[in-house]
Amino acid sequence: MGWWADRKKKKEEQKAAQAVAPAKTAAPAKATVCEAAECSADKEPVGLAAADLGPLLPGAPPNGKFNLAVYWAAGCGGCDVSLLDTNERVLTIADMANIVMWPIAVDGKEKDIAAMEDGSITVSLINGAVRNSENEHMVKLLRKKSLIVVSYGTCACFGGTPALANLVPGGKDEILDYVYTKVPSSAAFQSKYNSAKPKIPQTSTTVPEGELTLPVLYDNVYALDQVIDVDYYIPGCPPMQESISHLLKAVADFAYNGVALPPKGTMVGVTSKTLCEECPRKKEYKRITEVKEPYQVDTNNDKCLVDQGIICLGAATMGGCGARCTKVGQPCRGCYGPSPEVQELGSSAFTAIASLFPVIDEDPIMGEDKVDDIMSQIKDPLGYFYAFSMSKSLIKRSVKEGGQ
Amino acid sequence: MAGPIIWDEKQKTDKKRIEVDPITRLEGHGKIEIFLDDNGNVKNAYWQVPELRGFEKFCIGRRVTEMNQITARLCGVCPGAHHMAATKATDGCYNTKPTEAAFTIRDAFYHAHYVHSHIAHFYALASADFVCGPGAPAAQRNVLGVVAAVGLELGGAVLATRAKAQKIQAMIGGKATHPVMGVPGGVTKPISREEQKEMEAMAKDMVAFSQTSMKVLKDVVLGNKDYVDIIANPDLYYNETYHMGMVNDKNQLEFHDGPVRVVDQKGKEFVKYEPYDYLDHVSEASEEWSYEKFPYLKNVGYKGMTAGPESGLYRASPLSRLNVAESISTPLAQAEFEYYHGFFKDLGVEGPIQHTLATHWARIIEMIYAAEKCLADIQSDKFLDQNVKQHDVMPGGRGVGIVEAPRGTLTHDYTCDENGIVTACNMIVGTTNNNGPINCDVAKVAKGLIHNFEVSPGLLNMVEMAFRAYDPCNSCATHSLPGQMPMTAEIRYADGSLLEKVTRN
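Just so it is clear, the structure is predicted and the values come from calculations on it, not from any experiment.

*Asks:* Would you mind going over the interface of chain B and chain A in detail, with residue names and values included?
*Replies:* Listed as interface residues are 86 residues of chain B and, on the opposing side, 77 residues of chain A. Elements supplying a minimum of two residues to the side of chain B that touches chain A: β3 (31–36), β4 (42–48), α1 (55–58), α2 (67–70), α5 (143–150), α6 (152–173), β10 (282–285) and β15 (422–428) of chain B. Across the side of chain B that touches chain A, the residue classes tally to 35 nonpolar, 29 polar and 22 charged.

Right, dumping it as structure tokens:
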């Protein structure tokens, strides 16, 4: 399937072409990539693909709207902006549902939610990773009150960028120490005013008027389904706006017309294929002998970035984003998460890339030195191959040697 | 349309404990604590920010060329600003500068970003306080209430124009939220003539809509004497601080590239510094009760939550930028800049405008400037130049990139080794600059409005309006949590016990 299938098919085509008419090898190279994958699709699509629904969402029936909550945990707000990016549809969201909570746009408080009956929120969209005691409290509360919980966006699904903090071996103490005492603009303050003991935020502080408190940070950043049970997933950093419209339509059909929901665990807004298959760039599956970054290449805008020496995670990443980054000349960094065929994004992407080293039968034998040479050109592989999925990786986090 | 509700009914409470958790949006991501004395007057108030993500630390070890994508995730509301500052810092780490074409493309992108950000703030977050009124029921006081009040036609134009600003960013940067176009010395791809034509039409609409927005502000806010009285009242939304903002070589308003200028309480230039020298002028204090830091002018010193010439606290916001700039380079915005300063001069204001609520007005003037500048960039020949990357650049060294983020001066400072791996990282982000002044404003407004144990939801909303003017983005500020201003406010007796709970629906 996907990238591997294409590659195999491509090789078969090349062999066939060589066998039948060696002179024409260049002609079939205009890869029939997508068709091949579609024809050979041997299982149901894993996800609800995003479809164009037009400007409006279905309105509520006269007997009442369903309840919708939107919550942000440790994210950046980009997921909320992606809801605003539904533009005119954002106005129809209020027609179809009671928005009982949406911090960026409307009222709704923790206590109001706590006072609701269990299961009385039809759907909660939760974005952001789980980073502190407060995030954990809120997502557990929403789980209790909701029929359906959707993990919205890459941070909720895989940990996202905040989960790079799991690469700091000393966890929160090391982060606090660096941020408040080591960075130069803070070091200047601490050395001038607090030379005896640096002033670092505390979970409880006594000020002249009374006591002030702050939440407790965790050492680890978690994906949402590592903390609560999740029904559906919408990946993307941020998700495509069609994904949310599609999900809300499915929920409205369920709530108002009794249409069955998709199976639990469904990914929404994704394709069953890899990003490679929706990327318009033409692939030649060239061997990689040198690793480059976009700034080092006068990128050809029609050709595959990997063929131009740029490491792209498209081969291991789930499709659905519309190839937004590769279209403008940046490689995929994997924000949609691992494709259905792969268990773990980083290792699979790494394998895919390594398979393009000159290591196949027809290649001249490559010595260890050459492997080292190519590999060493990949800087910070951990941060790159797990840019968005550290929480869900097999690695999970860095630890100090011999300790913790 | 019914008039706005400015003052609502006060309630006196005799209960021992009041917990106010008024602020629409959830508890926790921001918090105001108001302490009362024995007479029920405000003793002090604190604005706390309860999160930290620690980007400075986990960016160490990453590739410096990744930084403009990693740090964009500081904030999904202003990812464009972080992408730009990070890209400039990365240029520095590679000891290079963008080609002319790349500079112009980045510039067009960034000004489109401003239009999006300022529209989002004014209409989605701030305008409800004025259109519906600070004392209006909370359930109406949101963007949907605004649309109901101003009509679907304007509401539709708001959405359509913001969508165009997003589209221009997406065409250049791949995605508007979390763009990807910046590379050291350039951008990833040149612009085609078809793309340019499409963007030009959208930018023209942005210019027209920004003028419509100015008309809305003038009709709704400046046309209402009650609002003007509140804005101009020196006992409420007013603090005499230093102001910081970027300028160009003519001391004109600048968002993208130039030195940083600071003016004092008299409007006199206190310092003008180049990005690489920022550590000589700015330090960051921390307090035990907030994860957000408190930047201050190093050569004035840190005196805690207090304004005035002896305190190094400064503001960096639209208000500040129009205080440090002597003029604006585009005609429509310059005309509004003159009208704005004339308006305050007529009220007897000499020197910088210290009235926090005027920040909204300054923001609309900036929206006009951003739209005009974006259009000028798109119409420039350099925009279509295909030479968008520098060649033969090598990593190794320090780079400092400063831009004006919509919410204030944004500084990214990285050092990388010869492999392009980050070895040190520091950031001072837009909202953080204003942390101290927001504390000052919140305390002052609370003291000015809450007396003798008398509070109301509307009064508490007016306390919120003190920080909402800054469009504080906690996501950026703590390099932490998202968004605008979800928060809790608690009012306490002198002994620390809570007053009664006031609910705001």
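Here the narrative resumes.
*Asks:* Tell me about helix α10 (residues 241–257) of chain A, and name the residues and values.
*Replies:* Residue and element names in this part refer to chain A. Here α10 is 17 residues long and its end C-alpha atoms lie 24 Å apart, about the 24 Å a rise of 1.5 Å per residue gives. Regarding α10, the residues found buried are S243, I244, S245, H246, L247, L248, A250, V251, A252 and A255. Immediately downstream of α10, the backbone of G258 shows phi near 70 degrees, a positive value.

*Asks:* How would you summarise the sheet that holds strand β12 (residues 314–315) of chain B if you had to cite specific residues and measurements?
*Replies:* Residues and elements named next belong to chain B. Read across the sheet, four strands follow the order β9-β8-β7-β12 without closing on themselves; strand pairing throughout is mixed. With partners counted over all chains shown, the strands left at the sheet margins are β9 (269–273) and β12, one partner each. In this sheet, β12 lies alongside strand β7 (residues 242–246) in parallel orientation, the contact comprising two bridges. In the strand pairing of β12, Y242 is matched with Y314.

*Asks:* Describe α6 of chain B, with residues and values.
*Replies:* Residues and elements named next belong to chain B. The terminal C-alpha atoms of α6, which comprises 22 residues, lie 31 Å apart, in line with the 32 Å expected from a rise of 1.5 Å per residue. The complete set of buried residues in α6 reads V158, L159, T161, R162, K164, A165, Q166, I168, Q169, M171, I172 and G173. Of the residues trailing α6, G174 is marked for its positive phi of about 85 degrees.

*Asks:* Can you break down the nonpolar core residue by residue, with the values?
*Replies:* The biggest cluster of nonpolar side chains holds 262 residues, and the ones touching the most others in it are I126 of chain A together with V442 of chain B. Ranked by the residues each element gives to this core, the list is headed by helix α4 (residues 100–131) of chain B, at 19 residues. In this structure, V442 of chain B is in contact with I32, A45, W47, V463, A466 and F467 of chain B, ignoring residues within four places of it in sequence.

*Asks:* Just give me the short version of the pairing of β10 of chain B, but keep the residues and values in it.
*Replies:* Residues and elements named next belong to chain B. Neither face of β10 is left uncovered, since the one carrying V282 and E284 and the one carrying S283 and A285 both have all their residues buried. As paired strands, β10 and strand β11 (residues 294–297) are joined by four bridges and run antiparallel to one another. Pairing of S283 across the sheet is with Y296, part of β11.

*Asks:* Could you give me a rundown of unusual backbone geometry, with the residues and numbers involved?
*Replies:* A cis geometry characterises the amide bond from C237 of chain A onward to P238 of chain A, with omega recorded as -5 degrees. With respect to the helices, strands and loops of the structure, P238 of chain A is situated in the loop between β10 (232–234) and α10. In this structure, F453 of chain B is a non-glycine residue whose phi angle is positive, near 65 degrees. Counting through the fold element by element, F453 of chain B comes out in the loop between α13 (435–449) and β16 (454–455).

Thresholds, definitions, all that
Residues numbered from 1 in each chain as written. Chains lettered and ligands numbered in written order. Predicted model: local features only at pLDDT ≥ 70, side-chain atom pairs only at ≥ 80, totals over all residues. Contact = placed C-beta atoms within 7 Å. Helix = DSSP H or I, 4+ residues; strand = E, 2+ residues; numbered from the N terminus. Nonpolar A, V, L, I, M, F, W, Y, C, P; charged D, E, K, R; others polar. Expected span 1.5 Å × (residues − 1). Buried ≥ 20, exposed ≤ 12 C-beta atoms within 10 Å, placed from the backbone. Pairing = 2+ DSSP bridges. Core = buried A, V, L, I, M, F, W, Y, C linked by C-beta atoms within 7 Å.

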